[in-house]
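Commentary on secondary and tertiary structure
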Amino acid sequence: MSLTLSFSSLALPKSGSVLLLVSQGGKLTGLAGQIDKQLKGAVTRAMKVQSFKGAKGKDLTLLAPAGTDLKKVIILGIGKVADLTETDFETLGGKAAGYLSDGGALTLCLEQELENGIGGGEIAARVALGARLGMYRFDKYKTKKKEKIPARKLVIATKSTARAKVQWAEFSALSDGIILARDLVNEPANVLSPPEFASRARALTKLGVKVEVLSEAQMKKLGMGSLLGVGQGSAFPSQLVVMQWNGAAKSKQPVAFVGKGVCFDTGGISIKPAGGMEDMKGDMGGAAAVTGLMHSLAKRKAKVNVIGVIGLVENMPSSTAQRPGDIVTSMSGQTIEVLNTDAEGRLVLADALWYTQNRFKPKFMIDLATLTGAIMVALGQDYAGMFSNNDKLCDQLDAIGKREGEQVWRMPMSSNFDKMIDTPNADMKNIGGRYAGSSTAAQFLQRFVNNVPWVHLDIAGTAMGSPKSATSQSWASGYGVKLLDRLVRSHYE
Ligand code: BES
Ligand code: MN
Ligand code: ZN
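Residues numbered from 1 in each chain as written. Chains lettered and ligands numbered in written order. Predicted model: local features only at pLDDT ≥ 70, side-chain atom pairs only at ≥ 80, totals over all residues. Heavy atoms only, no water.

Now for unusual backbone geometry. Phi angles above zero are rare outside glycine, and Ala64 is one such case at about 35°. Tracing the backbone through its elements, the reader meets Ala64 in the loop between β3 (59-63) and β4 (72-79). Here the phi dihedral of Lys301 falls at roughly 50°; this positive angle occurs in a residue that is not glycine. Mapped onto the secondary structure, Lys301 falls in the loop between α9 (285-299) and β10 (305-315). Residue class for Lys301 comes out exposed when judged on its relative accessible area of 58%. (Helix = DSSP H or I, 4+ residues; strand = E, 2+ residues; numbered from the N terminus. Buried < 20%, exposed > 50% of the residue type's maximum accessible area, 1.4 Å probe, protein only.)

Summarising the metal site, the manganese ion (ligand 2) is bound by the protein donors Asp265 (OD), Asp342 (O), Asp342 (OD) and Glu344 (OE), whose distances to it range over 2.0 to 2.2 Å. Around the manganese ion (ligand 2) sit 6 donor atoms, and with donor-metal-donor angles ranging over 71 to 165° the site reads as irregular. All donors to the manganese ion (ligand 2) come from one chain, and their sequence spacing reads D-x76-D-x1-E. In this structure the zinc ion (ligand 3) is found 3.2 Å away from the manganese ion (ligand 2), and Asp265 serves as a bridging donor for the pair. (Donors = N, O, S within 2.8 Å, 3.2 Å for Na, K, Ca; no water. Tetrahedral: all angles 85-135°; square planar, octahedral: opposite > 155°, others 65-115°.)

Summarising burial for strand β8 (residues 239-246): 7 of the 8 residues are buried, a large majority. The pairing of strand β7 (residues 210-214) with β8 spans 5 bridges and is classified as antiparallel. Bridging across to β8, Val213 finds its partner in Val241. Sheet analysis places β8 next to β10, joined by 8 bridges and oriented antiparallel. In the sheet register, Asn246 faces β10, and the bridge partner there is Asn305. (Pairing = 2+ DSSP bridges.)

Applying the stated criterion across every chain, the model contains 27 salt bridges. For Glu196, the salt bridge identified is with Arg200, shortest N-O distance 2.8 Å. Within this pair, Glu196 and its partner Arg200 are both found in helix α6 (residues 194-202), separated by 4 residues, close to a single helical turn. Three or more residues are tied together by salt bridges with common partners; here these are Glu90, Glu122, Arg126, Arg403, Glu404 and Lys482. (Salt bridge = Lys/Arg side-chain N within 4 Å of Asp/Glu carboxyl O.)

Before going further, it helps to spend a moment on the side chain of Arg152. On the secondary structure map, Arg152 appears in strand β6 (residues 152-157). This buried residue, Arg152, is left without a salt bridge; Asp102 holds the nearest opposite charge, at 7.4 Å. There is a polar contact of 2.8 Å between the side chain of Arg152 and the backbone oxygen of Ala97. Leave out the neighbours within four places in its chain, and Arg152 touches Ser2, Leu3, Thr4, Ala97, Gly98, Leu100, Ser101, Gly103, Gly104 and Met135. (Lys, Arg positive; Asp, Glu negative; His and termini not counted. Polar contact = N/O pair within 3.5 Å; in protein donor to acceptor, adjacent residues only side chain to side chain. Contact = heavy atoms within 4.5 Å.)

Right, let's talk about the environment of Arg182 for a bit. Considering the arrangement of structural elements, one finds Arg182 in helix α5 (residues 161-186). In this structure, the C-alpha to C-alpha distance between Arg182 and Trp475, residues 293 residues apart in sequence, is 8.1 Å. Beyond its immediate sequence surroundings of up to four residues, Arg182 is in contact with Leu133, Tyr136, Thr471, Ser472, Ser474, Ala476, Ser477 and Gly478.

Turning to the site of ligand 1, a few remarks are in order. The immediate surroundings of ligand 1 are formed by 17 residues, with Lys272, Asp283, Asp342, Glu344 and Gly373 found nearest. Interatomic distance of 2.8 Å between a side-chain N/O atom of Lys272 and an oxygen atom of ligand 1. Asp283 places a polar side-chain atom, nitrogen or oxygen, 2.8 Å from a nitrogen atom of ligand 1. If ligand 1 stood free it would expose 510 Å²; the protein chains cover 76% of that surface. In terms of residue class, the shell around ligand 1 is built from 6 nonpolar, 4 polar and 7 charged. (Near = heavy atom within 4 Å. Areas by Shrake-Rupley, 256 points an atom, 1.4 Å probe, with all protein chains shown as cover. Nonpolar A, V, L, I, M, F, W, Y, C, P; charged D, E, K, R; others polar.)

By the secondary structure assignment, Met219 is in helix α7 (residues 216-222). Residues Met219 and Gln239, spaced 20 residues apart in sequence, show a C-alpha to C-alpha distance of 8.3 Å. Residue contacts for Met219: discarding those within four places in its chain leaves Leu214, Met224, Leu227, Leu228, Ser238, Gln239 and Leu240.

Before going further, it helps to spend a moment on the coordination of the zinc ion (ligand 3). Bound to the zinc ion (ligand 3) on the protein side are Lys260 (NZ), Asp265 (OD), Asp283 (OD) and Glu344 (OE), at distances that span 2.0 to 2.4 Å. Classification of the site at the zinc ion (ligand 3) as octahedral follows from its 6 donor atoms and the range of 77 to 174° in their angles at the metal. Of note, the zinc ion (ligand 3) draws all its donor residues from one chain, in the sequence arrangement K-x4-D-x17-D-x60-E. Note on Asp265: relative accessible area 3%, which makes it buried. Residue Asp283 is classed as buried on the basis of its relative accessible area of 2%.

The subject of this paragraph is the sheet that holds strand β1 (residues 3-8). In a beta sheet, neighbouring strands are held together by backbone hydrogen bonds and run either parallel or antiparallel to one another. Spatial ordering of the open sheet is given by β1-β6-β5-β2-β4-β3, a layout of 6 strands whose pairing is mixed. Two strands bound the open sheet, and with one partner strand each, they are β1 and β3. Ignoring strand direction, the axes of neighbouring strands in this sheet form an average angle of 20°. As paired strands, strand β2 (residues 17-23) and β4 are joined by 6 bridges and run parallel to one another. The residue of β4 that forms the bridge with Val18 is Val73. With respect to the sheet, helix α1 (residues 30-38) is in contact with β2, β4 and β5 (104-109), its orientation differing from that of β2 by roughly 120°. Contacts between helix α4 (residues 120-135) and the sheet are confined to β1, β5 and β6, with β1 contributing the most and set at about 170° to the helix. (Axes fitted to C-alpha atoms, helices over the stretch in contact; angles between N-to-C directions.)

As a further point, take the sheet that holds strand β13 (residues 365-369). Spatial ordering of the open sheet is given by β7-β8-β10-β9-β13-β17-β14-β15, a layout of 8 strands whose pairing is mixed. The sheet is open, and its two edges are formed by β7 and β15 (407-410), each paired on a single side. Neighbour to neighbour, the strand axes of the sheet diverge by 20° on average, direction disregarded. Bridge count between β13 and strand β17 (residues 454-458): 5 bridges; the pairing is parallel.

Running from amino to carboxyl end, helix α3 (residues 86-98) crosses α4 at an angle of 50°, the nearest separation of the two axes being 6 Å. It follows that α3 is oblique to α4 by the angle criterion. For the pair α3 and α4, the sense of crossing is right-handed. Every residue of α4 that contacts α3 at Glu86, Phe89, Glu90, Gly93, Gly94 and Ala97 is listed here: Glu122, Ile123, Arg126, Val127, Leu129, Gly130, Ala131 and Met135. (Parallel < 35°, antiparallel > 145°, perpendicular 65-115°, else oblique. Left-handed = near helix turned anticlockwise from the far one by under 90°.)

So, to be careful, I would describe these as geometric facts and stop short of saying anything about function.
Okay, here's the thing in structure tokens:
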């Protein structure tokens, strides 16, 4: 993944390739006009041939044109400038990197006219963010060099180089966190066991994050029978990782993020069918997002106190695995009848949420979990299901999700859904009925949340297997890191 990114002042480069942006109408102004003149109207002629009028996403490439040493002159339509959003510039960056598939250098010229309401520095940094994310590949296990991506150099030419560099420091930290989350989710489960995940989380100490790893013995002492039951069939020990970033005064109440970290979910004794089971290596997507988020926040030295808690287990069938019908006691003291060992994520989160809220008394608690297949049926792959006891947090997440392209959709919770997890044999059972599977899962979680403002994000549809885009060619999307980094930045720093 060798992409060198840099910012330069706004001018045509002398070598490599150049990417020029043309808005709706197809007028060649600024640098585009300059190069057209230099090439004796070749761009204008090519545009005519292709009926190119600057429509968003349309492009045009002139190869090694006479009159310049440039390898390629690429013209890309961007539509109406006033309509361009933050994420459009990320897409632009991803596309720019895409033009470099054979390697080499490309200069993307961001003309002044684009530097609209968003601000020049941010635009250039968003382009860089998109390029970095779009270039990401999980290719560490490819041993044949030619399949690997060649070295590429992207220069972003802007009038706002100084501001772009400041903004990039922040977005670069964000992209590190997103890429960490993607790496963790893409990593196969024979490599990323609970102890290996814990040791990768421990590496955040380098950034100043305080990391504690609770062993099974420590969790047992705390009474975490619900989490431990899930991992008891695995050869790997379960782990609870507690990460703390203290970027604000000690007296300031922290915010908390909790992640489901099922390193592999076979379903346990209630075993899953074989088809597609390999996707369950990504069942730690919530924990990966929390770890990536902690990385981003620490790297950019966010002025906030943050707690990240991840419950790491492997859900396996074996002679020591828990059985359907088993009754476990959670840290809260509430008992749970495990009627389906494949509804394990909620069992892990029950203890992780209870522990987090009681130890840290956070301002709010947001959990992320690849919790139910039902959320994919309801919402598809563009929206995470959002369940909450707090309207204000939901409104904040909704607005940020729209702007940042990591969307959420609020789902219902109700006392009727809650009743569906009652059982005669214990305080609750771990499955509802046939209906509203994502809501009954959320109700289950809420039984482990007291008065703290809380949001549960069901990311089963958004964390992995997402459709490819300019900014993600990866199976694992890294969903949630950006949404929550921006939430913290906008409202809690
Ligand atoms: N990890 C799965 C949910 C999942 C499915 C995530 C597909 C991503 C893609 C979860 O542990 C699970 O198995 N849920 C069950 C719950 C059921 C047994 C009540 C499900 O959704 O079928
Ligand atoms: Mn499961
Ligand atoms: Zn699962």
